[in-house]
Amino acid sequence: MKATVLAVVLGTATPLLAASGLTTGKPDIRSMSALAFGPEGVLFVGDSRAGAVFAVDLGARPAAQVKDPKPITDVEGKLAALLGAKPSDVMVHDLAVDPVSKRPYLSVSRGRGAWNEQWLLANDVADATVLVRFDPAGTPEVVDLSSVPFAKVVLPNPIDESKKVEWKKTSLRSDAITDLGFADGSLFVAGLSNEEFAATMWKVAYPFDGPVSTTTIENYHGAHGKYETESPVRTFVAYPLKGKTHLLAAYLCTPLVTFEASGLKDKQHVKGRTVGEFGSGNYPLDMVVYRKEGKQKLLIANSNLPLMIVDPAAVEAYAGAITEPVKTYTGGVAFEQRSGTGIQQMDNLGDDHIVVLRRLAGGQLDLAPLPVRRF
Amino acid sequence: MEAPAEGPHRVSLIGLDEATRRSVADAAARPRALAIRTSTERPEAPGVAGTYSLDDEGLHFRPLFRFAADVSYVARASVAGERLLRTFSAEPPAPRDPPHVVAFHPAAGVLPANALRAYVQFSRPMATRDTARHVRLQDDAGREVPLAFVEIDEGLWDPGRTRLTLFFHPGRVKRGVAPGERLGPPLVDGRSYRFVVDAAMADAQGTPMGAPFAHAFRAGPADREPPRVDAVEIAAPAADGTLSVRLPEPLDRALLQRFLRVEDAEGARVPGTSAVDGSDTVWTFRPDAPWRSGAYAVRIESALEDRAGNRFDRPFDRVEGTETPPSRALRVPFAVP
């Protein structure tokens, strides 16, 4: 999804990973369910199958500036050529742009035999086992993880493989980790646990040398008219509201919920504040924060609705919370719409662009840098 | 090129001269010497990802993923001023032989009219989806017997998904219960039946059986008598150490594999392997270690049932005061001389 880094690293020097506790070897990653870059260009990989998060040092690499970025066309065709498969047999699970080299990294799977219904997400269909990056010429290469400095932290009590999503007949384990975000020295990991209330936000200090805190979370879904504790966060970002770090999280059908980060304490159950209902029958797929004309905005990509822009100032100004059924399809904080359907993944590419992975009307998947001025 | 349907894949450049061998000693030079792509039409496409190695035989490329049968690959070699080009695909996988039913139990031609369970053993793990739609019981006129089995959409499978357990609807087998009173028992004494698994029943990979399976049997009188412990016959171990236990009547095959065991004089379990014959009336046991002379016993767990659900310690259902009192001792002693 994206690197939710509050301060994007824009240094010119070769980054030195100061983090201790990394060992060199082959990380035993089973599924690259979610990717995010952290401080000094460390790559976090959320692995739902293993119920673990990895921090991978991608090594010294020159810092790059973004200049006139070009779209990469036919992403699936190129990945298929790289993996020796048909384009219909490769799938992209997540996208993260390296804040140092500005190169896009994708987690990719080969084979999508399990696809059988419209609400399946990539992680429901297959396990991503390959990390791919594109060079500036738009050529993909497999990132060799056979011997890299890395650290691993096992999450306590991720949801069992045997638990099923009744309405889509999949294992809930695919949603053990749905998104990652780094803020205030910690990695926040959204997903599902075996706790009484399954929806969970884990917090892991980085470097991974401390305990993992587990907070179960719930929120009111205005479209469903009830409090939900089973539905996982689909995408979130860390953002300061009134000077305090909050997590702004979006869920299926599409409530926007805020959680104050300092309130996410170990072994506690926390109710979020539902500040918006942005339309049912929709997965919010990804979220980024961008800056235009000196103001930061939140951009949400959706499975079935257009791009949405939310002004954090409006969230700060919104005093209430949605606690009653929303009968008008949308409600709460106002949002703007922009064209941009078919966008599955997004990340910031420098200050002036957001790179999107999008399914075009003609069927191709491309990776396109969109200038933030168009929003 | 080695791209068999089974086993590892590789593309090798063999018979290298010394100069060529030196030129590919540097790993960075290897992709230029030997490159594999998915098509000739798109030279800008990246090469197939994989690893290179150099040994006495030559330069080898092993793909990250096995080559596919439905993708055309081009291997280009460029060594010592010579260019070689080969197109290839992986060998298609051998057509899978369809799955089939290995056995149906109880295998006897006559089943008690109040039979409780049946087992269908398949040749490999099966798709469990909609199992109930693929199995049925037909009467002698070829009509489906409605509600013959307890309907469980995905069926009751063993963990390996090769054995399907069917329950004749207990509400129809047990006397004095509403469905049985309304519909009558699924099997009627004296009538003939066919148990059918239809041709669409598929294995876990989706390969259907292709041909239906049918097992014909007749329903006999209902069995409402518990099996009797005093009718269990144990023969002394044979020369190869195999102990044979003849049961008073055919017992439930799956339960036999779990609820019979051999104990020594102290009551400790004797480790070994057991088997049930095709008629479900003879249980054999071979200990892991040779028998020692002394006292042993065959232990019958009370959960062991005959084909109609009668246990050694009580019948499946009974009308008060009408049946023989069941036998109680669940340990049958025997001695090894």
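These numbers come from a predicted model, not from an experiment.

1. What about the overall build of chain B?
- For chain B, the helix and strand inventory stands at six helices and 21 strands.
- Within chain B, the proportion of its 337 residues that are buried is 44%.
- Long-range pairs, those at least 24 residues apart, make up 65% of the contacts in chain B with a sequence separation of at least 6.
- Counting every atom, chain B has about 17500 Å² of accessible surface; 51% of that belongs to carbon and sulfur.

2. Some thoughts on the interface of chain B and chain A
- At the junction of the two partners, chain B supplies 14 residues and chain A supplies 16 residues.
- Together chain B and chain A conceal approximately 1100 Å² of surface at their shared face, both sides included; 63% is due to carbon and sulfur atoms.
- On the chain B side of the contact with chain A, Arg 42, Pro 46 and Phe 65 of chain B bury the most area, a combined 44% of that side's loss.
- Linking chain B with chain A are one salt bridge.
- Note that Lys 86 of chain A and Asp 70 of chain B form a salt bridge whose closest N and O atoms lie 2.8 Å from each other.
- Taken together, chain B and chain A are joined by four residue pairs in polar contact (both at pLDDT 80 or more).
- In terms of residue class, the side of chain B that touches chain A is built from nine nonpolar, two polar and three charged.

3. Focus on the environment of Ser 279 of chain B
Residues and elements named next belong to chain B.
- Positionally, Ser 279 belongs in the loop between strand S18 (272–276) and strand S19 (282–287).
- Each C-alpha atom, one on Ser 279 and one on Ala 108, is 6.4 Å from the other, the two residues being 171 residues apart in sequence.
- Among the polar contacts listed, one links the side chain of Ser 279 to the side chain of Asp 277, at a separation of 2.7 Å.
- Here the side chain of Ser 279 touches Thr 281 through a polar contact of 2.6 Å, side chain to side chain.

4. Let's talk about the environment of Ala 198 of chain A
Residues and elements named next belong to chain A.
- Within the fold, Ala 198 resides in the loop between strand S13 (186–192) and strand S14 (199–205).
- You can call Ala 198 buried: its relative accessible area is 6%.
- Each C-alpha atom of the pair Ala 198 and Thr 215 lies 9.9 Å from the other, and the pair is 17 residues apart in sequence.

5. Thoughts on the pattern of salt bridges
- Across all of its chains, the model carries 29 salt bridges over all chains by this definition.
- A salt bridge links Glu 141 of chain A to Arg 103 of chain A; the shortest N-O distance between them is 3.0 Å. Highlighted residues: Glu 141 of chain A in strand S8 (residues 140–142) and Arg 103 of chain A in the loop between strand S5 (90–97) and strand S6 (104–110), separated in sequence by 38 residues.
- Take Arg 103 of chain A: its relative accessible area is 23%, and that puts it in the partly exposed class.
- For Asp 252 of chain B, the salt bridge is made with Arg 117 of chain B, and the minimal N-O distance between the two is 3.0 Å. Separated by 135 residues along the polypeptide, Asp 252 of chain B in the loop between strand S16 (243–246) and helix H6 (253–259) and Arg 117 of chain B in strand S9 (residues 117–122) bring together distant segments of the chain. You'll find Asp 252 of chain B and Arg 117 of chain B in the same group, each marked buried.
- What emerges from the salt-bridge pattern is a single network uniting Arg 261, Glu 263, Arg 299 and Arg 331 of chain B.

6. Things to note about the nonpolar core
All names here are of chain B.
- If you look at the biggest cluster of nonpolar residues, it comprises 26 residues, and the most contacted ones within it are Val 120, Phe 122, Leu 137, Phe 195 and Val 197.
- Where this core is concerned, the elements lending two or more residues are strand S7 (101–105), S9, strand S10 (135–138), strand S12 (163–167), strand S13 (192–197) and strand S14 (213–220).
- Ignoring sequence-local partners within four residues, the contact set of Val 120 consists of Val 101, Ala 103, Phe 104, Thr 162, Arg 163, Leu 164, Leu 166, Phe 195 and Val 197.
- Grouped together as the second largest cluster of nonpolar side chains are 25 residues, Val 229, Val 270, Ile 300 and Val 336 included.

7. Section: the environment of Arg 129 of chain B
All names here are of chain B.
- As for its position among the elements, Arg 129 is in the loop between S9 and helix H3 (131–134).
- Among the residues examined, Arg 129 registers a relative accessible area of 61% and is labelled exposed.
- Sequence spacing of Arg 129 and Ala 202 is 73 residues, and the spatial spacing of their C-alpha atoms is 9.3 Å.
- With residues near it in sequence (within four places) discarded, Arg 129 still touches His 134 and Asp 153.

8. Focus on the pairing of strand S4 (residues 58–63) of chain B
Residue and element names in this part refer to chain B.
- Counted residue by residue, S4 has five buried out of six residues, so it is predominantly covered.
- Looking at chain direction, strand S1 (residues 11–14) and S4 are connected through four bridges and run antiparallel. The partner of Ser 12 across the bridge, within S4, is His 60.
- Inspection of the sheet shows strand S3 (residues 50–54) paired to S4 by five bridges, in the antiparallel sense. In the sheet register, Tyr 52 faces S4, and the bridge partner there is Phe 61.
- Between S3 and S4, which follow one another and run antiparallel, lie three residues.

9. Overview of a nonpolar patch on the surface
All names here are of chain B.
- Taken together, the side chains of Val 150, Ile 152 and Leu 156 make up a nonpolar region of the molecular surface, amounting to roughly 190 Å² of accessible area.
- Positionally, Leu 156 belongs in strand S11 (residues 156–157).
- Among the residues examined, Leu 156 registers a relative accessible area of 35% and is labelled partly exposed.

10. Topic: the sheet that holds strand S6 (residues 82–88) of chain B
Residue and element names in this part refer to chain B.
- Spatially, the three strands line up as an open sheet ordered S2-S5-S6, and their pairing is antiparallel. Of all the strands in the sheet, just strand S2 (34–37) and S6 have a single pairing partner and so form its edges. Each strand axis lies, on average, 15° off the axis of its neighbour in the sheet, ignoring direction.
- Here S2 runs beside strand S5 (residues 73–79); their pairing, made up of four bridges, is antiparallel.

11. Observations concerning helix H1 (residues 75–83) of chain A
Residue and element names in this part refer to chain A.
- When you tally the buried positions in H1, you get nine out of nine residues, the bulk of the element.
- Of the positions making up H1, those classed as buried are Val 75, Glu 76, Gly 77, Lys 78, Leu 79, Ala 80, Ala 81, Leu 82 and Leu 83.
- Contacts from the buried residues of H1 go to S5, S6, strand S7 (130–134), S8, strand S28 (353–359) and strand S29 (365–371).

12. Description of the confidence of the model for chain A
- Averaged over every residue, the pLDDT of chain A is 92; the share at 70 or more is 94%.
- In the predicted structure, residues 3–19 of chain A sits below a pLDDT of 50 and forms 42 contacts with residues beyond four places in sequence or in another chain.

13. Overview of the packing of aromatic side chains
Residue and element names in this part refer to chain B.
- In the structure shown here, the tally under the stated rule is 24 aromatic pairs over all chains.
- Consider the rings of Phe 122 and Trp 157, whose centres lie 5.6 Å apart with planes at 40°: the pair is tilted. Here Trp 157 lies in strand S11 and Phe 122 lies in strand S9, a separation of 35 residues in the sequence.
- A relative accessible area of 2% means that Phe 122 is categorised as buried.
- For Trp 157, a relative accessible area of 16% translates into the label buried.
- A ring pair is formed by Tyr 193 and Phe 217, whose centres lie 5.9 Å apart and whose planes are at 25°; its orientation type is stacked.

14. Side note on the side chain of Gln 345 of chain A
Residues and elements named next belong to chain A.
- Relative to the helices and strands, Gln 345 is located in strand S27 (residues 343–349).
- Using a relative accessible area of 8% as the deciding quantity, one classes Gln 345 as buried.
- Of note is the side chain of Gln 345, whose polar atom sits 3.1 Å from the backbone oxygen of His 93.

15. Examining the sheet that holds strand S15 (residues 233–235) of chain B
Residue and element names in this part refer to chain B.
- The four strands lie next to each other as S15-S16-S19-S18, forming an open sheet whose pairing is antiparallel. Every interior strand has two partners, whereas the edge strands, S15 and S18, have only one. The sheet shows a mean angle of 20° between the axes of neighbouring strands, direction not considered.
- The sheet contact formed by S15 and S16 spans three bridges and is antiparallel. When the bridges of S16 are listed, Ala 235 appears paired with Ser 244.

What counts, and at which threshold
- Residues numbered from 1 in each chain as written.
- Chains lettered and ligands numbered in written order.
- Predicted model: local features only at pLDDT ≥ 70, side-chain atom pairs only at ≥ 80, totals over all residues.
- Heavy atoms only, no water.
- Helix = DSSP H or I, 4+ residues; strand = E, 2+ residues; numbered from the N terminus.
- Buried < 20%, exposed > 50% of the residue type's maximum accessible area, 1.4 Å probe, protein only.
- Contact = heavy atoms within 4.5 Å.
- Areas by Shrake-Rupley, 256 points an atom, 1.4 Å probe, with all protein chains shown as cover.
- Buried area = accessible area lost by both parts, 1.4 Å probe.
- Salt bridge = Lys/Arg side-chain N within 4 Å of Asp/Glu carboxyl O.
- Polar contact = N/O pair within 3.5 Å; in protein donor to acceptor, adjacent residues only side chain to side chain.
- Nonpolar A, V, L, I, M, F, W, Y, C, P; charged D, E, K, R; others polar.
- Core = buried A, V, L, I, M, F, W, Y, C linked by side-chain atoms within 4.5 Å.
- Pairing = 2+ DSSP bridges.
- Patch = residues over 30% accessible without salt bridge, like charges linked within 9 Å, V, L, I, M, F, W, Y side chains within 5 Å.
- Axes fitted to C-alpha atoms, helices over the stretch in contact; angles between N-to-C directions.
- pLDDT = per-residue confidence, 0-100.
- Phe/Tyr/Trp six-rings, centres within 6.5 Å; stacked < 30°, edge-to-face > 60°.

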